[in-house]
Amino acid sequence: MGKNTRATRVHPARAPLGGSPLAGYVLRRLGMSVLLLFGVTLVTFSLANLVPGNPIVAALGEGAASNPATVAAYIEKHGLDQPLPVQYLNYLLNLFQGDMGVSLRTAQPVASDLAKAVPATIEVAIGAIIVSLAVGVALGSLAAYRRGKISDQLVRVLSLIGLSIPTFWMALVSFNFFFLQLRIAPGSGRLSPILSPPPTVTGLYTIDALLAGQWVTFMDAMAHLMLPVFVLSLFTIGLLTRFVRTSVLEVLDADYIRAGRAKGLSGPRMLFGYTLRGASLPILTIVGLAFGSLLSGTVLVEAVFAWPGLGSYAYNSATSLDLPGVMGVGLIVGVIYLGINFAVDLLYGVLDPRVRLA
Amino acid sequence: MRTKIRYVATALGLSASLALVGCAATAPEGGTGSAPTSIVIDTAFTLETADPGRNYVPTGYMVSKALYETLLDFAGSDESTPVPGLASYTQNDDATVFTFTLDEGRVFSDGTPVTADDVVFSLNRVKGMTESKANFLMEGIEVAKVDDKTVELSTATSSLKLPALMTNPSLAILNSKVVIENGGTTDNTDAAEKFLNTTSAGSGPYILDTLSVESQVVLTGNEKYNGAEDIDFDRVVIRNVSESATQKMNLEGGDSQVAVDLSGDQVAGLSGAVSVTSVPSAQTIFLLLNQNPEVAGVTANPEFASAVRYALDYPALLELAGAGSEQATGVIPPSFLGALTDGVKQDLAASKAALAASGYAGETITLEYPNDYPVGGVSFTPLAERIQSQLSAAGISVELAPAPFTTQIDEYVNGREAFSIWFWGPDYADSANFLPFQAGAKVGLRAGWTAEAAPSIVELATAAETATSMESREGAFSDFAEALQQQGPFVPLIVPGSNIATADFISGVNYNSTWTMDIAELQAK
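Residues numbered from 1 in each chain as written. Chains lettered and ligands numbered in written order. Predicted model: local features only at pLDDT ≥ 70, side-chain atom pairs only at ≥ 80, totals over all residues. Heavy atoms only, no water.

(A) A look at a nonpolar patch on the surface. Together, A:Leu154, A:Val157, A:Leu158 and A:Ile161 make up an exposed nonpolar region whose accessible area comes to about 360 Å². Structurally, A:Leu158 is set in helix H7 (residues 150–164). (Patch = residues over 30% accessible without salt bridge, like charges linked within 9 Å, V, L, I, M, F, W, Y side chains within 5 Å. Areas by Shrake-Rupley, 256 points an atom, 1.4 Å probe, with all protein chains shown as cover. Salt bridge = Lys/Arg side-chain N within 4 Å of Asp/Glu carboxyl O. Helix = DSSP H or I, 4+ residues; strand = E, 2+ residues; numbered from the N terminus.)

As structure tokens, then:
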């Protein structure tokens, strides 16, 4: 209360956008995100067109590409005879209408391809971030509370291992061990081949199966999530553990924590009510970044687990010079990052009033 | 106390959930004690469409082969002689007119009969779709209906390759009425692909259930099918598993029953109740030595190509390829008409003499190759390293220049690579597929080899192309392959193996160079 009063007193003439400080803060962040998104489209378009190689040969095949009339018709049909700025403008205009172009590889609208690929990756990324948060916060807090003791050393070593193990290797080893040797994990893919995907509502098989009341499909989808989630979360657990430990250690030295302890606060109330709350901002930053990188960096894990997600789509688009596909992936990854940053910024504002009033 | 009870309840709930998840993870796919009626095939997808007329890639061929039929076919893995498919054929003496007579009583999956109109429409549709990658297959072929059961295909010059062309799944026969109703045409305005990606319109042993070009294709038995195949598996799931190590583990763990893309090394390490069919594929991995002095400098010399040819230790290169692979005896792979029986042998003295005659003065030659595109399990990086080592021993200094396939291919097809490793595979099972290696043709020009530079090769290729009898044709192709081996700017290296691994209750795996295997031929033992 006191801080709010001080802030309005310092800037009495400046009426916040949207009528309230929080609304103004949201609007400013939203405007910035739109600008950044525009920049993302420009960078994606430029990079896609700088890639060496001939997408026309990739799209038509060598036979048709050796026919000048066919090539000319293809170029005209796709507007490739226009100067690059005009092509970019057309791309933007189409984008405003929800048209991300047609994939040269799948011959389907890129938006429709991404509508299938993105939920597959989101599903596994959400699982990985939930596991990472639970384990990382627990281990990081434990290490901070027991600084210098054996458990602290052990957690630090474990987190270092999590950060160091190559994800691709870990994916192969864990698939071999849990599926082939122990037989407690299912084979690759999102569902067992005998099952059909549930009716699409969100694209997340677990949620859609629950919504459709398909319990067997839900359990099967959960089972198929286990290993990819486990492998993807190892790195994030290592990262979070180290950040949580550092942040909690800083907070533990703060006066208000000492005062609380002196007054007898301890246990879960002390941890969740005061310590972790005080350490939440840097943790939030890391969670946001980790979630973003999980969504855009799952190529190798998706390859091992035959997971038809965004990483596989990006790789296949890039290796077949499917420029609309590549641009679609670039744009969607940009949107995801901006969305996460936006959400993290908002949460900053919610968690710490000083941020939204700055 | 209540808190403790809550914790215990939560723990029990979690345990139950985990147990259920575990059950789901290990649940068998079929019932116990009965023969499986469905199988799962794992392969790294090269799939763009389920429209046969627009397809030109291996997984697409495998799918089309199951859904549709062609005028002619091959029996098992014998690709030397086309046999009747939907039709039988006769040809005139100079092999310019081929008359196809449709089998009696054959029907599409909706029960309607297969007619000559369907054949004319299907072939002319591919011919009309100039943007289709398969369009070139109909180049120079005219199609005419004779009567309801007879169709005539004609060419301006002799074309003994035409029967083999008619086995290509891109030239499958579609239900013209259904396809026209859904946007099909015989010109470039055809819009039936979207429909054909959801519903098949063929007479093949299977029908399309679902298609995702990213993840999986599901086929189910065609109840109206009345052809020669007797399918054992009513439901076939073809999954996109890009990582061959995962394919191997899925097969060993029983999650799949067929793995298509295992390398020679992986096949050797297979465990469990599996069987493997290893045969040489129809791909040829070769070295290209550009003959254009502006591109290749001093190495644009046939003598330099000879020096490289005789410097290599081919058995040592073959060690990298594993099961099923063979030394390439020429640009025509072993299973094709006119293929040579013996490959080049290392002859360091001959190499040294040729090197001296070429004017090579110790310059470092750059060897380019795609480093992210293994062919038949053969990765080009170790192959390039071994070539570098062997050429170094013969006095030729080589530096390696790997690059991704997508960036390398443009340089290759435009003839801008001086010295590189590439591969070539047939589009249909006929030796005419290898005539582009001649001087002045597609692959020849990629090596800067013009028709004027080697008129004798062009003559041999023309003789092979226009032969009107199988006897003269075989000799002509042999002569062409021999001459190319002696004078050409290509050094054929390896024909990699094709390794198809299956659960041991499956038989009927017959490798085909175009559609890999015919799913309908897979049988439960």
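(B) A look at the packing of aromatic side chains. Tallying each qualifying case throughout the model produces 25 aromatic pairs over all chains. On the basis of an interplanar angle of 35° and a centroid distance of 6.1 Å, the ring pair of B:Trp422 and B:Phe423 is categorised as tilted. An aromatic cluster is defined as three or more aromatic residues linked by ring pairs; in this entry it consists of B:Tyr373, B:Phe380, B:Phe405, B:Tyr412, B:Trp422 and B:Phe423. Directly above the aromatic system of A:Tyr205 lies the positively charged group of A:Arg190, at a separation of 3.7 Å from the ring centroid. Taking NZ or CZ as reference, B:Lys65 lies 4.1 Å from the ring centre of B:Trp515, over its face. (Phe/Tyr/Trp six-rings, centres within 6.5 Å; stacked < 30°, edge-to-face > 60°. Lys NZ or Arg CZ within 6 Å of the ring centre and 35° of its normal.)

(C) Focus on the environment of A:Leu35. All names here are of chain A. Structurally, Leu35 can be placed in helix H2 (residues 21–50). Looking at Leu35, the relative accessible area reads 60%, which means it is exposed. Separated by 69 residues in the primary sequence, Leu35 and Leu104 place their C-alpha atoms 29 Å from one another. (Buried < 20%, exposed > 50% of the residue type's maximum accessible area, 1.4 Å probe, protein only.)

(D) Representation of the interface of chain B and chain A within the structure. Listed as interface residues are 38 residues of chain B and, on the opposing side, 46 residues of chain A. Here chain B and chain A share an interface that buries about 3,700 Å² over both sides, 57% of which is from carbon and sulfur atoms. Of all residues in chain B, B:Glu131, B:Glu214 and B:Met249 give up the largest surface area on contact with chain A, accounting jointly for 18% of the area buried on that side. Notably, a salt bridge pairs B:Glu214 with A:Arg105, separated by 2.7 Å at the nearest N-O pair. Our enumeration of links across chain B and chain A arrives at five residue pairs in polar contact (both at pLDDT 80 or more). (Contact = heavy atoms within 4.5 Å. Buried area = accessible area lost by both parts, 1.4 Å probe. Polar contact = N/O pair within 3.5 Å; in protein donor to acceptor, adjacent residues only side chain to side chain.)

(E) Fine view of unusual backbone geometry. Unusually for a residue other than glycine, A:Leu321 sits at a positive phi of about 55°. Within the element layout of this structure, A:Leu321 appears in the loop between helix H15 (310–319) and helix H16 (323–351). By relative accessible area, A:Leu321 is classed as buried at 5%. Its identity is not glycine, yet B:Ala95 carries a phi of approximately 55°, on the positive side. One can find B:Ala95 in the loop between strand S4 (87–91) and strand S5 (97–102). For B:Ala95, a relative accessible area of 0% gives the class buried.

(F) Highlighting the UniProt feature "transmembrane region" (unreviewed entry) in chain A. All names here are of chain A. Mapped onto this numbering, the UniProt entry annotates "transmembrane region" (unreviewed entry) at residues 30–51, 124–145, 157–180, 221–240, 279–307 and 327–351. Helix makes up 92% of residues 157–180 and strand 0%. Its end C-alpha atoms lie 28 Å apart. The distance separating the terminal C-alpha atoms of residues 279–307 is 35 Å; by composition the span is 79% helix and 0% strand. (UniProt positions renumbered as here; feature names shortened; annotations may be inferred.)

(G) Structural view of the sheet that holds S4(B). Residues and elements named next belong to chain B. The antiparallel open sheet is built from four strands, whose spatial order is S4-S5-S7-S6. The sheet is open, and its two edges are formed by S4 and strand S6 (141–147), each paired on a single side. If you compare each strand with its neighbour and ignore which way they point, the axes differ by 25° on average. Where helix H3 (residues 116–128) meets the sheet, its contacts fall on S5, S6 and strand S7 (150–155), and the angle it forms with S6 comes to roughly 165°. (Pairing = 2+ DSSP bridges. Axes fitted to C-alpha atoms, helices over the stretch in contact; angles between N-to-C directions.)

(H) Structural detail: the pattern of salt bridges. The tally for this structure, following the rule as stated, stands at 23 salt bridges over all chains. The shortest N-O distance in the salt bridge between A:Arg190 and A:Glu123 comes to 2.8 Å. You can see A:Arg190 sitting in the loop between helix H8 (167–181) and helix H9 (205–211) and its partner A:Glu123 sitting in helix H6 (residues 110–145), a full 67 residues away along the chain. Of the two residues, A:Arg190 and A:Glu123, neither departs from the other in class, the shared state being buried. One salt bridge connects B:Arg54 with B:Asp51, and the closest N-O pair in it is separated by 3.5 Å. Residues B:Arg54 and B:Asp51 agree in their burial class; the two are buried. Overlapping salt bridges, with partners in common, bring together B:Asp51, B:Arg54, B:Arg125, B:Asp190 and B:Glu193 in one network.

(I) Summary view of the domain arrangement of chain B. Residues and elements named next belong to chain B. Domains assigned within chain B are domain 1 (41–279 + 499–524) and domain 2 (284–495). Measuring from the centre of the C-alpha atoms in domain 1 to the corresponding centre in domain 2 gives 31 Å. Contacts between the two partners involve 21 residues from domain 1, matched on the other side by 19 residues from domain 2. Its largest share of buried area at the contact with domain 2, domain 1 owes to Ser158, Leu160 and Lys161, together 33% of the area lost on that side. Where domain 1 packs against domain 2, one counts zero salt bridges. The tally of links from domain 1 across to domain 2 stands at two residue pairs in polar contact (both at pLDDT 80 or more). Broken down by secondary-structure element, the contributors of at least two residues to the side of domain 1 that touches domain 2 are helix H4 (162–165) and strand S12 (274–280). For the side of domain 1 that touches domain 2, a count of residues per class yields nine nonpolar, eight polar and four charged. (Domains from an automatic or database assignment. Nonpolar A, V, L, I, M, F, W, Y, C, P; charged D, E, K, R; others polar.)

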